[in-house]
Amino acid sequence: MEAARGAGITPAAVAVAAFWHGLAGIGGDAAALTPLTGWGDGRARSFANALRARVDEAALHRRTGCWLHESYPAVRLHWLRARAGDSFPRSATWGSLGELLCARLFGQLRTSVSMASGTGLLDVHRLAWDGEALDAAGITAAELPALSDEPLRGLRPQWGARWPELAAVPWFLALGDGACASLGSGAVGPRVALSVGTSAAVRVLRGETDPTVADGLWCYRLDARRCVHGRALSNGGNGPAWLRRTLRLPDGAELERRIAEMAPGAHGLRIVPRLLPERPPGTDAWEGAAIHGLTAATGPVEVARAWLEAAAFAMADALDAVEAAFGPADEVAGSGGALHASPAWARIIADVLGRPLRLHGGESTLRGAALIALERIGAIDDATAVPPASDGALIEPDPAAHAVHRAMRGV
(Lines give C-alpha, C1' and ligand atoms only; values in the text may rest on other atoms or scores of the structure.)
Protein backbone atom coordinates (compact mmCIF):
# COMPACT_ATOMS: atom_id res chain seq x y z
CA MET A 1 0.00 0.00 0.00
CA GLU A 2 2.89 2.32 0.70
CA ALA A 3 4.19 1.71 -2.83
CA ALA A 4 0.71 2.17 -4.32
CA ARG A 5 0.25 5.47 -2.52
CA GLY A 6 3.60 6.69 -3.74
CA ALA A 7 2.64 5.81 -7.32
CA GLY A 8 -0.80 7.38 -7.07
CA ILE A 9 -2.54 4.03 -7.60
CA THR A 10 -6.02 3.40 -6.18
CA PRO A 11 -6.70 -0.33 -5.79
CA ALA A 12 -9.88 -1.67 -7.42
CA ALA A 13 -9.86 -5.11 -5.76
CA VAL A 14 -7.67 -7.53 -3.84
CA ALA A 15 -6.71 -10.96 -5.18
CA VAL A 16 -5.21 -13.74 -3.05
CA ALA A 17 -3.42 -17.02 -3.85
CA ALA A 18 -2.66 -19.61 -1.18
CA PHE A 19 -1.06 -23.04 -1.12
CA TRP A 20 -3.45 -25.94 -1.56
CA HIS A 21 -3.98 -28.79 0.95
CA GLY A 22 -3.29 -26.77 4.13
CA LEU A 23 -5.28 -27.62 7.24
CA ALA A 24 -5.88 -25.92 10.59
CA GLY A 25 -8.70 -25.82 13.11
CA ILE A 26 -10.06 -22.26 13.31
CA GLY A 27 -11.92 -21.01 16.37
CA GLY A 28 -14.74 -18.50 16.60
CA ASP A 29 -12.25 -15.75 17.46
CA ALA A 30 -10.28 -16.46 14.24
CA ALA A 31 -7.50 -18.10 16.23
CA ALA A 32 -5.82 -21.25 14.98
CA LEU A 33 -6.72 -24.08 17.38
CA THR A 34 -4.19 -26.47 15.82
CA PRO A 35 -0.91 -26.13 13.98
CA LEU A 36 -1.24 -25.47 10.24
CA THR A 37 -0.18 -28.62 8.38
CA GLY A 38 0.64 -28.89 4.68
CA TRP A 39 0.82 -31.53 1.98
CA GLY A 40 4.25 -32.68 3.12
CA ASP A 41 3.02 -33.86 6.55
CA GLY A 42 3.10 -37.65 6.20
CA ARG A 43 2.01 -38.65 9.71
CA ALA A 44 -1.45 -39.76 8.53
CA ARG A 45 -0.11 -42.36 6.08
CA SER A 46 -1.37 -45.41 7.98
CA PHE A 47 -4.83 -43.83 8.18
CA ALA A 48 -4.89 -43.42 4.40
CA ASN A 49 -4.18 -47.13 4.09
CA ALA A 50 -6.96 -47.96 6.57
CA LEU A 51 -9.48 -45.82 4.71
CA ARG A 52 -8.74 -47.64 1.45
CA ALA A 53 -10.07 -50.80 3.07
CA ARG A 54 -13.54 -49.29 3.54
CA VAL A 55 -13.88 -46.57 0.89
CA ASP A 56 -14.03 -47.09 -2.88
CA GLU A 57 -11.01 -44.93 -3.72
CA ALA A 58 -11.58 -45.03 -7.48
CA ALA A 59 -15.15 -43.76 -7.10
CA LEU A 60 -14.02 -41.11 -4.63
CA HIS A 61 -11.34 -39.98 -7.07
CA ARG A 62 -13.90 -39.65 -9.87
CA ARG A 63 -16.05 -37.41 -7.67
CA THR A 64 -13.47 -35.33 -5.81
CA GLY A 65 -10.47 -35.43 -8.13
CA CYS A 66 -8.36 -36.50 -5.11
CA TRP A 67 -7.11 -39.77 -3.66
CA LEU A 68 -7.00 -41.23 -0.17
CA HIS A 69 -3.57 -39.88 0.63
CA GLU A 70 -2.00 -38.14 3.60
CA SER A 71 -1.27 -35.06 1.52
CA TYR A 72 -5.00 -34.23 1.54
CA PRO A 73 -6.87 -32.66 4.49
CA ALA A 74 -9.59 -35.32 4.20
CA VAL A 75 -7.15 -37.97 5.46
CA ARG A 76 -5.34 -35.72 7.94
CA LEU A 77 -8.69 -34.90 9.59
CA HIS A 78 -9.34 -38.61 10.11
CA TRP A 79 -5.88 -38.95 11.68
CA LEU A 80 -6.34 -35.86 13.87
CA ARG A 81 -9.61 -37.12 15.31
CA ALA A 82 -8.11 -40.51 16.19
CA ARG A 83 -4.97 -38.92 17.61
CA ALA A 84 -6.68 -36.22 19.66
CA GLY A 85 -9.58 -38.28 21.03
CA ASP A 86 -11.92 -36.17 23.16
CA SER A 87 -9.69 -33.12 22.76
CA PHE A 88 -10.51 -32.98 19.03
CA PRO A 89 -11.76 -29.39 18.65
CA ARG A 90 -15.32 -30.18 17.62
CA SER A 91 -16.30 -26.51 17.65
CA ALA A 92 -13.61 -25.64 15.11
CA THR A 93 -14.15 -24.83 11.50
CA TRP A 94 -11.53 -26.59 9.45
CA GLY A 95 -9.79 -24.60 6.77
CA SER A 96 -6.50 -23.59 5.20
CA LEU A 97 -4.31 -20.52 5.40
CA GLY A 98 -6.67 -18.71 3.01
CA GLU A 99 -9.67 -19.26 5.29
CA LEU A 100 -7.68 -18.27 8.37
CA LEU A 101 -6.77 -15.01 6.63
CA CYS A 102 -10.43 -14.46 5.71
CA ALA A 103 -11.52 -14.99 9.32
CA ARG A 104 -8.95 -12.58 10.72
CA LEU A 105 -9.55 -9.79 8.22
CA PHE A 106 -13.33 -10.02 7.92
CA GLY A 107 -14.61 -12.13 10.82
CA GLN A 108 -16.19 -14.57 8.34
CA LEU A 109 -15.35 -18.16 7.49
CA ARG A 110 -15.75 -18.75 3.78
CA THR A 111 -13.77 -20.70 1.20
CA SER A 112 -13.55 -20.56 -2.56
CA VAL A 113 -14.43 -23.47 -4.82
CA SER A 114 -10.75 -23.49 -5.78
CA MET A 115 -9.39 -23.94 -2.26
CA ALA A 116 -12.12 -26.45 -1.38
CA SER A 117 -11.19 -28.59 -4.38
CA GLY A 118 -7.77 -29.25 -2.88
CA THR A 119 -9.14 -30.80 0.32
CA GLY A 120 -10.37 -34.16 -0.98
CA LEU A 121 -13.79 -33.24 0.44
CA LEU A 122 -15.41 -31.44 -2.51
CA ASP A 123 -17.40 -33.03 -5.32
CA VAL A 124 -15.81 -31.18 -8.24
CA HIS A 125 -18.86 -31.85 -10.42
CA ARG A 126 -21.63 -30.65 -8.07
CA LEU A 127 -19.44 -28.01 -6.36
CA ALA A 128 -20.67 -29.24 -3.00
CA TRP A 129 -19.13 -31.11 -0.08
CA ASP A 130 -19.01 -34.88 -0.71
CA GLY A 131 -20.95 -36.91 1.85
CA GLU A 132 -18.79 -40.05 1.77
CA ALA A 133 -15.59 -38.02 1.99
CA LEU A 134 -16.98 -36.14 5.00
CA ASP A 135 -17.92 -39.42 6.69
CA ALA A 136 -14.43 -40.81 6.08
CA ALA A 137 -12.85 -37.67 7.53
CA GLY A 138 -15.15 -37.81 10.56
CA ILE A 139 -16.64 -34.34 10.19
CA THR A 140 -19.84 -32.70 8.92
CA ALA A 141 -20.36 -29.92 6.39
CA ALA A 142 -21.20 -27.64 9.33
CA GLU A 143 -17.55 -27.88 10.41
CA LEU A 144 -16.32 -26.49 7.10
CA PRO A 145 -16.40 -22.91 5.77
CA ALA A 146 -19.27 -21.81 3.58
CA LEU A 147 -18.58 -22.32 -0.13
CA SER A 148 -18.64 -19.11 -2.13
CA ASP A 149 -16.76 -17.29 -4.86
CA GLU A 150 -18.38 -13.95 -4.03
CA PRO A 151 -15.97 -11.28 -2.79
CA LEU A 152 -15.88 -9.90 0.72
CA ARG A 153 -16.15 -6.23 1.57
CA GLY A 154 -15.68 -4.31 4.79
CA LEU A 155 -12.47 -5.06 6.63
CA ARG A 156 -12.65 -5.34 10.40
CA PRO A 157 -12.01 -1.92 11.99
CA GLN A 158 -8.35 -2.44 12.90
CA TRP A 159 -7.51 -3.47 9.34
CA GLY A 160 -9.69 -0.82 7.74
CA ALA A 161 -7.85 1.81 9.73
CA ARG A 162 -4.51 0.41 8.62
CA TRP A 163 -5.49 0.17 4.92
CA PRO A 164 -8.33 2.64 4.31
CA GLU A 165 -8.01 2.28 0.54
CA LEU A 166 -8.80 -1.44 0.90
CA ALA A 167 -11.60 -1.18 3.44
CA ALA A 168 -14.46 -1.12 0.94
CA VAL A 169 -13.05 -2.69 -2.25
CA PRO A 170 -13.91 -6.32 -3.10
CA TRP A 171 -11.55 -8.89 -1.59
CA PHE A 172 -11.69 -12.14 -3.54
CA LEU A 173 -11.28 -15.35 -1.59
CA ALA A 174 -7.99 -17.21 -1.90
CA LEU A 175 -7.49 -19.38 -4.98
CA GLY A 176 -5.26 -22.46 -5.21
CA ASP A 177 -1.68 -21.58 -6.05
CA GLY A 178 -1.23 -24.22 -8.74
CA ALA A 179 -4.30 -23.14 -10.70
CA CYS A 180 -3.19 -19.53 -10.51
CA ALA A 181 0.33 -20.43 -11.64
CA SER A 182 -1.02 -22.20 -14.73
CA LEU A 183 -3.14 -19.22 -15.69
CA GLY A 184 -0.45 -16.69 -14.85
CA SER A 185 2.17 -18.41 -16.99
CA GLY A 186 -0.15 -18.47 -19.99
CA ALA A 187 -0.49 -22.27 -19.87
CA VAL A 188 -3.89 -22.56 -21.52
CA GLY A 189 -5.08 -24.70 -24.42
CA PRO A 190 -2.28 -26.91 -25.79
CA ARG A 191 0.32 -25.15 -23.61
CA VAL A 192 1.07 -27.22 -20.50
CA ALA A 193 2.37 -25.69 -17.28
CA LEU A 194 5.47 -26.93 -15.47
CA SER A 195 6.21 -25.33 -12.10
CA VAL A 196 9.46 -26.15 -10.36
CA GLY A 197 9.97 -24.66 -6.92
CA THR A 198 10.68 -26.71 -3.81
CA SER A 199 8.30 -29.26 -5.32
CA ALA A 200 7.15 -29.54 -8.93
CA ALA A 201 3.93 -30.02 -10.89
CA VAL A 202 2.72 -30.54 -14.45
CA ARG A 203 -0.75 -29.11 -15.13
CA VAL A 204 -3.21 -28.43 -17.91
CA LEU A 205 -5.88 -25.72 -17.51
CA ARG A 206 -9.22 -26.40 -19.19
CA GLY A 207 -12.50 -24.56 -19.43
CA GLU A 208 -15.11 -27.02 -18.17
CA THR A 209 -18.02 -26.95 -15.75
CA ASP A 210 -18.35 -30.75 -15.47
CA PRO A 211 -14.86 -32.22 -15.79
CA THR A 212 -13.88 -35.74 -16.68
CA VAL A 213 -11.49 -36.84 -13.96
CA ALA A 214 -8.76 -38.81 -15.71
CA ASP A 215 -7.22 -41.91 -14.16
CA GLY A 216 -3.80 -41.14 -12.74
CA LEU A 217 -4.34 -37.37 -12.55
CA TRP A 218 -5.78 -35.12 -9.91
CA CYS A 219 -8.46 -32.58 -10.81
CA TYR A 220 -8.84 -29.31 -8.92
CA ARG A 221 -10.83 -26.17 -9.62
CA LEU A 222 -9.69 -22.68 -10.57
CA ASP A 223 -13.31 -21.58 -10.38
CA ALA A 224 -16.77 -22.84 -11.33
CA ARG A 225 -15.90 -22.70 -15.05
CA ARG A 226 -12.31 -23.94 -15.17
CA CYS A 227 -10.32 -26.91 -13.89
CA VAL A 228 -6.69 -27.90 -13.68
CA HIS A 229 -5.61 -31.51 -14.15
CA GLY A 230 -2.16 -32.88 -13.52
CA ARG A 231 0.38 -34.47 -11.25
CA ALA A 232 2.42 -32.98 -8.46
CA LEU A 233 5.88 -34.11 -7.36
CA SER A 234 7.14 -33.66 -3.82
CA ASN A 235 10.74 -33.60 -5.02
CA GLY A 236 11.69 -30.63 -7.18
CA GLY A 237 14.08 -27.86 -6.27
CA ASN A 238 14.57 -29.35 -2.80
CA GLY A 239 16.91 -31.90 -4.42
CA PRO A 240 19.41 -29.39 -5.88
CA ALA A 241 19.25 -27.45 -2.60
CA TRP A 242 20.19 -30.62 -0.70
CA LEU A 243 23.03 -31.29 -3.14
CA ARG A 244 24.45 -27.80 -2.59
CA ARG A 245 24.30 -28.25 1.18
CA THR A 246 25.75 -31.74 1.18
CA LEU A 247 28.31 -32.10 -1.64
CA ARG A 248 31.51 -30.21 -2.32
CA LEU A 249 30.08 -28.65 -5.47
CA PRO A 250 31.72 -25.77 -7.34
CA ASP A 251 30.06 -22.42 -6.92
CA GLY A 252 27.63 -20.68 -9.27
CA ALA A 253 28.70 -20.33 -12.89
CA GLU A 254 31.40 -23.02 -12.62
CA LEU A 255 28.86 -25.63 -11.55
CA GLU A 256 26.45 -24.56 -14.30
CA ARG A 257 29.21 -24.80 -16.90
CA ARG A 258 30.34 -28.26 -15.88
CA ILE A 259 26.80 -29.65 -15.70
CA ALA A 260 25.98 -28.18 -19.12
CA GLU A 261 29.13 -29.64 -20.68
CA MET A 262 28.45 -33.18 -19.45
CA ALA A 263 26.78 -35.49 -21.97
CA PRO A 264 23.42 -37.06 -21.01
CA GLY A 265 23.95 -40.18 -18.93
CA ALA A 266 27.75 -39.84 -18.96
CA HIS A 267 27.83 -40.10 -15.16
CA GLY A 268 26.86 -43.79 -15.22
CA LEU A 269 24.57 -43.38 -12.20
CA ARG A 270 20.99 -44.28 -11.47
CA ILE A 271 19.26 -42.12 -8.90
CA VAL A 272 15.92 -42.21 -7.10
CA PRO A 273 15.54 -38.50 -6.22
CA ARG A 274 13.00 -38.87 -3.41
CA LEU A 275 14.04 -36.91 -0.35
CA LEU A 276 10.34 -36.61 0.54
CA PRO A 277 7.53 -39.16 0.08
CA GLU A 278 5.89 -38.70 -3.30
CA ARG A 279 2.33 -37.56 -3.73
CA PRO A 280 -0.39 -39.64 -5.36
CA PRO A 281 -1.23 -41.52 -7.47
CA GLY A 282 1.80 -43.45 -6.21
CA THR A 283 1.22 -44.98 -2.78
CA ASP A 284 4.36 -47.08 -2.45
CA ALA A 285 6.12 -47.19 0.88
CA TRP A 286 8.71 -44.44 0.98
CA GLU A 287 12.27 -45.63 1.37
CA GLY A 288 14.09 -42.37 0.73
CA ALA A 289 16.42 -41.36 -2.05
CA ALA A 290 19.04 -43.70 -3.51
CA ILE A 291 22.17 -43.45 -5.65
CA HIS A 292 23.37 -46.55 -7.54
CA GLY A 293 26.59 -46.95 -9.47
CA LEU A 294 29.04 -44.86 -7.44
CA THR A 295 32.71 -45.59 -8.09
CA ALA A 296 35.99 -44.12 -6.93
CA ALA A 297 35.94 -41.93 -10.05
CA THR A 298 32.52 -40.40 -9.30
CA GLY A 299 32.65 -36.74 -8.34
CA PRO A 300 30.05 -34.38 -6.90
CA VAL A 301 29.27 -32.81 -10.28
CA GLU A 302 28.44 -36.23 -11.73
CA VAL A 303 26.06 -36.85 -8.83
CA ALA A 304 24.47 -33.43 -9.35
CA ARG A 305 23.98 -33.98 -13.09
CA ALA A 306 22.51 -37.44 -12.52
CA TRP A 307 20.12 -36.09 -9.87
CA LEU A 308 18.89 -33.30 -12.15
CA GLU A 309 18.26 -35.81 -14.93
CA ALA A 310 16.40 -38.20 -12.61
CA ALA A 311 14.17 -35.38 -11.31
CA ALA A 312 13.45 -34.39 -14.91
CA PHE A 313 12.49 -38.00 -15.67
CA ALA A 314 9.77 -37.78 -12.99
CA MET A 315 8.50 -34.58 -14.63
CA ALA A 316 8.45 -36.39 -17.98
CA ASP A 317 6.39 -39.21 -16.46
CA ALA A 318 3.90 -36.61 -15.25
CA LEU A 319 3.79 -34.95 -18.67
CA ASP A 320 3.22 -38.34 -20.32
CA ALA A 321 0.19 -38.91 -18.08
CA VAL A 322 -1.24 -35.46 -18.86
CA GLU A 323 -0.72 -35.89 -22.61
CA ALA A 324 -2.28 -39.36 -22.55
CA ALA A 325 -5.46 -37.79 -21.17
CA PHE A 326 -5.58 -34.49 -23.04
CA GLY A 327 -3.37 -34.76 -26.11
CA PRO A 328 0.16 -33.60 -26.92
CA ALA A 329 1.48 -30.28 -25.68
CA ASP A 330 2.65 -27.75 -28.24
CA GLU A 331 4.81 -26.08 -25.63
CA VAL A 332 5.59 -26.29 -21.93
CA ALA A 333 5.37 -23.08 -19.91
CA GLY A 334 8.01 -23.23 -17.19
CA SER A 335 7.85 -21.20 -14.00
CA GLY A 336 9.31 -21.29 -10.52
CA GLY A 337 12.50 -20.19 -8.86
CA ALA A 338 14.34 -23.49 -9.32
CA LEU A 339 14.06 -23.29 -13.12
CA HIS A 340 15.41 -19.76 -13.26
CA ALA A 341 18.19 -20.50 -10.79
CA SER A 342 19.74 -23.11 -13.09
CA PRO A 343 19.76 -22.63 -16.87
CA ALA A 344 21.60 -25.94 -17.14
CA TRP A 345 18.72 -27.75 -15.43
CA ALA A 346 16.19 -25.96 -17.63
CA ARG A 347 18.11 -27.24 -20.65
CA ILE A 348 18.13 -30.79 -19.23
CA ILE A 349 14.37 -30.63 -18.59
CA ALA A 350 13.65 -29.46 -22.15
CA ASP A 351 15.80 -32.28 -23.56
CA VAL A 352 14.13 -34.89 -21.34
CA LEU A 353 10.59 -33.69 -22.12
CA GLY A 354 11.26 -33.37 -25.82
CA ARG A 355 9.04 -30.28 -25.89
CA PRO A 356 9.90 -26.59 -26.29
CA LEU A 357 10.22 -25.09 -22.80
CA ARG A 358 9.15 -21.47 -22.52
CA LEU A 359 10.42 -19.85 -19.33
CA HIS A 360 7.97 -17.45 -17.75
CA GLY A 361 9.92 -14.76 -15.98
CA GLY A 362 7.27 -13.12 -13.81
CA GLU A 363 5.44 -14.05 -10.62
CA SER A 364 3.00 -16.40 -12.33
CA THR A 365 0.96 -17.42 -9.26
CA LEU A 366 0.02 -13.90 -8.19
CA ARG A 367 -0.47 -12.85 -11.80
CA GLY A 368 -3.03 -15.64 -12.23
CA ALA A 369 -4.95 -14.56 -9.12
CA ALA A 370 -4.92 -10.95 -10.34
CA LEU A 371 -6.27 -11.97 -13.77
CA ILE A 372 -9.25 -13.73 -12.17
CA ALA A 373 -9.97 -10.65 -10.04
CA LEU A 374 -9.77 -8.42 -13.12
CA GLU A 375 -12.21 -10.70 -14.92
CA ARG A 376 -14.64 -10.70 -12.01
CA ILE A 377 -14.73 -6.92 -11.70
CA GLY A 378 -15.28 -6.62 -15.45
CA ALA A 379 -11.92 -5.06 -16.33
CA ILE A 380 -11.17 -7.89 -18.79
CA ASP A 381 -13.51 -10.28 -20.58
CA ASP A 382 -11.59 -13.54 -20.31
CA ALA A 383 -8.65 -14.18 -17.99
CA THR A 384 -7.41 -17.04 -20.15
CA ALA A 385 -7.21 -14.83 -23.25
CA VAL A 386 -4.60 -12.44 -21.81
CA PRO A 387 -1.12 -13.61 -22.83
CA PRO A 388 1.87 -13.05 -20.55
CA ALA A 389 3.23 -9.54 -21.02
CA SER A 390 6.73 -10.84 -21.69
CA ASP A 391 7.58 -14.49 -22.13
CA GLY A 392 11.09 -15.53 -21.28
CA ALA A 393 13.55 -17.62 -23.24
CA LEU A 394 12.34 -20.51 -25.40
CA ILE A 395 14.50 -23.61 -25.04
CA GLU A 396 14.17 -25.99 -27.96
CA PRO A 397 14.94 -29.63 -27.09
CA ASP A 398 17.99 -31.28 -28.63
CA PRO A 399 16.74 -34.37 -30.53
CA ALA A 400 19.90 -36.40 -29.91
CA ALA A 401 19.87 -35.70 -26.17
CA HIS A 402 16.14 -36.47 -26.04
CA ALA A 403 16.78 -39.87 -27.65
CA VAL A 404 19.43 -40.70 -25.05
CA HIS A 405 17.11 -39.68 -22.21
CA ARG A 406 14.24 -41.75 -23.60
CA ALA A 407 16.51 -44.78 -23.68
CA MET A 408 17.57 -44.09 -20.09
CA ARG A 409 13.90 -43.84 -19.07
CA GLY A 410 13.09 -47.05 -20.89
CA VAL A 411 10.26 -45.53 -22.96
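The following refers to the structure shown. (Residues numbered from 1 in each chain as written. Predicted model: local features only at pLDDT ≥ 70, side-chain atom pairs only at ≥ 80, totals over all residues. Heavy atoms only, no water.)

## What to know about the environment of Arg153
Item 1. The topology assignment puts Arg153 in the loop between β7 (146–147) and α8 (157–162).
Item 2. Separated by ten residues in the primary sequence, Arg153 and Trp163 have C-alpha atoms spaced 13 Å apart.
Item 3. With near-sequence residues (within four places) excluded, Arg153 lies in contact with Phe106, Ala167, Ala168, Val169 and Pro170.
Item 4. A distance of 2.9 Å separates a polar side-chain atom of Arg153 from the backbone oxygen of Ala168. (Helix = DSSP H or I, 4+ residues; strand = E, 2+ residues; numbered from the N terminus. Contact = heavy atoms within 4.5 Å. Polar contact = N/O pair within 3.5 Å; in protein donor to acceptor, adjacent residues only side chain to side chain.)

## Focus: the pattern of salt bridges
Item 1. Across all of its chains, the model carries 22 salt bridges by this definition.
Item 2. Of the charged contacts in the structure, one is a salt bridge between Arg226 and Asp223, with a shortest N-O distance of 2.7 Å.
Item 3. What makes Arg226 buried here is its relative accessible area of 4%.
Item 4. On the accessibility criterion, Asp223 (5% relative accessible area) is buried.
Item 5. Across the pair Asp317 and Arg409 runs a salt bridge whose closest N-O atoms are separated by 2.8 Å. Taken as a pair, Asp317 in helix α12 (residues 300–326) and Arg409 in helix α16 (residues 399–409) lie far apart in primary sequence, 92 residues in all.
Item 6. Accessibility expressed as a relative area gives 41% for Asp317, which makes it partly exposed.
Item 7. The buried category is assigned to Arg409, whose relative accessible area is 17%.
Item 8. Here the salt bridges share partners, and the residues they tie into one network are Asp223, Arg225, Arg226, Glu375 and Asp382. (Salt bridge = Lys/Arg side-chain N within 4 Å of Asp/Glu carboxyl O. Buried < 20%, exposed > 50% of the residue type's maximum accessible area, 1.4 Å probe, protein only.)

## A few points about a nonpolar patch on the surface
Item 1. Taken together, the side chains of Phe19, Leu36 and Leu97 present a nonpolar region at the surface, about 230 Å² in accessible area.
Item 2. Structurally, Phe19 can be placed in the loop between β1 (17–18) and β2 (24–26). (Patch = residues over 30% accessible without salt bridge, like charges linked within 9 Å, V, L, I, M, F, W, Y side chains within 5 Å. Areas by Shrake-Rupley, 256 points an atom, 1.4 Å probe, with all protein chains shown as cover.)

## Here we look at the nonpolar core
Item 1. Leu194, Val196, Ile259, Met315, Trp345, Ile349 and Leu357 are the most contacted members of the largest nonpolar core, which totals 47 residues.
Item 2. Taken together, the elements giving at least two residues each to this core come down to β9 (191–196), β10 (200–207), α11 (252–261), α12, α13 (337–341), α14 (343–353) and β16 (357–360).
Item 3. Those residues in contact with Trp345 that lie beyond four places of it in its chain are Val196, Gly236, Gly237, Pro240, Leu308, Ala311, Met315 and Ala338.
Item 4. In terms of nonpolar packing, the next biggest core, distinct from the first, is built from 34 residues, Cys102, Tyr220, Ala232 and Ala383 among them. (Core = buried A, V, L, I, M, F, W, Y, C linked by side-chain atoms within 4.5 Å.)

## Description of α16
Along an α-helix, a turn takes 3.6 residues, which lines up residues three or four apart on a common side.
Item 1. Ala401, His402, His405 and Arg409 are the residues of α16 that are buried. For α16, the angular spread of buried residues about the axis comes to 100°, placing them on one side. Every exposed residue of α16 that faces more than 90 degrees away from the buried side is listed here: Pro399, Ala400 and Ala407.
Item 2. Where α16 is buried, its residues meet α12 and α14.
Item 3. A side-chain oxygen of the first residue of α16 lies 3.2 Å from the backbone nitrogen of Ala400; this N-cap is Asp398.
Item 4. After α16 finishes, the residue Gly410 shows a positive phi value of roughly 75°. (Arc of directions from axis to C-beta.)

## As for the packing of aromatic side chains
Item 1. Using the criterion set out here, one finds six aromatic pairs in the structure.
Item 2. Arranged with centres 5.6 Å apart and planes meeting at 75°, the rings of Phe106 and Trp171 form a pair that is edge-to-face. Taken together, the residues span a long stretch of sequence, with Phe106 in helix α5 (residues 97–106) and Trp171 in the loop between α8 and β8 (175–176) at a distance of 65 residues.
Item 3. Taken together, a centroid distance of 4.4 Å and an interplanar angle of 5° make the contact between Trp218 and Tyr220 stacked. Like Tyr220, Trp218 is buried. (Phe/Tyr/Trp six-rings, centres within 6.5 Å; stacked < 30°, edge-to-face > 60°.)

## Observations regarding the environment of His78
Item 1. Along the chain, His78 falls in helix α4 (residues 73–84).
Item 2. Of the residues examined, His78 reaches a relative accessible area of 19% and is grouped as buried.
Item 3. Sequence separation between His78 and Ala137 is 59 residues, and the spatial gap between their C-alpha atoms is 4.5 Å.

## Some words on the pairing of strand β15 (residues 331–335)
Regular strands place side chains that alternate from one sheet face to the opposite one.
Item 1. Summarising burial for β15: five of the five residues are buried, a large majority.
Item 2. In β15, alternate side chains face the same way, and those of Glu331, Ala333 and Ser335 on one face and Val332 and Gly334 on the other are all buried.
Item 3. With five bridges connecting them, β9 and β15 associate as parallel partners. The residue bridging Ala193 from the neighbouring strand is Ala333, located in β15.
Item 4. As judged from the three bridges shared by β15 and β16, these two strands associate in the parallel manner. Looking at the pairing, Val332 lines up with Leu357 of β16. (Pairing = 2+ DSSP bridges.)

## Structural notes on unusual backbone geometry
Trans peptide bonds make up the majority, and among non-glycine residues the majority have a negative phi.
Item 1. The omega torsion across Pro280 and Pro281 is 20°, close enough to zero to call that bond cis.
Item 2. Within the element layout of this structure, Pro281 appears in the loop between β13 (270–272) and β14 (290–292).
Item 3. If you check the backbone angles, His21 has positive phi at about 75° while not being a glycine.
Item 4. Assignment of secondary structure puts His21 in the loop between β1 and β2.
Item 5. Judged by its relative accessible area of 7%, His21 is buried.
Item 6. Here Ala30, not a glycine, exhibits a phi torsion of approximately 65°, which is positive.
Item 7. Here Ala30 is to be found in the loop between β2 and α2 (45–52).

So, to be careful, I would describe these as geometric facts and stop short of saying anything about function.
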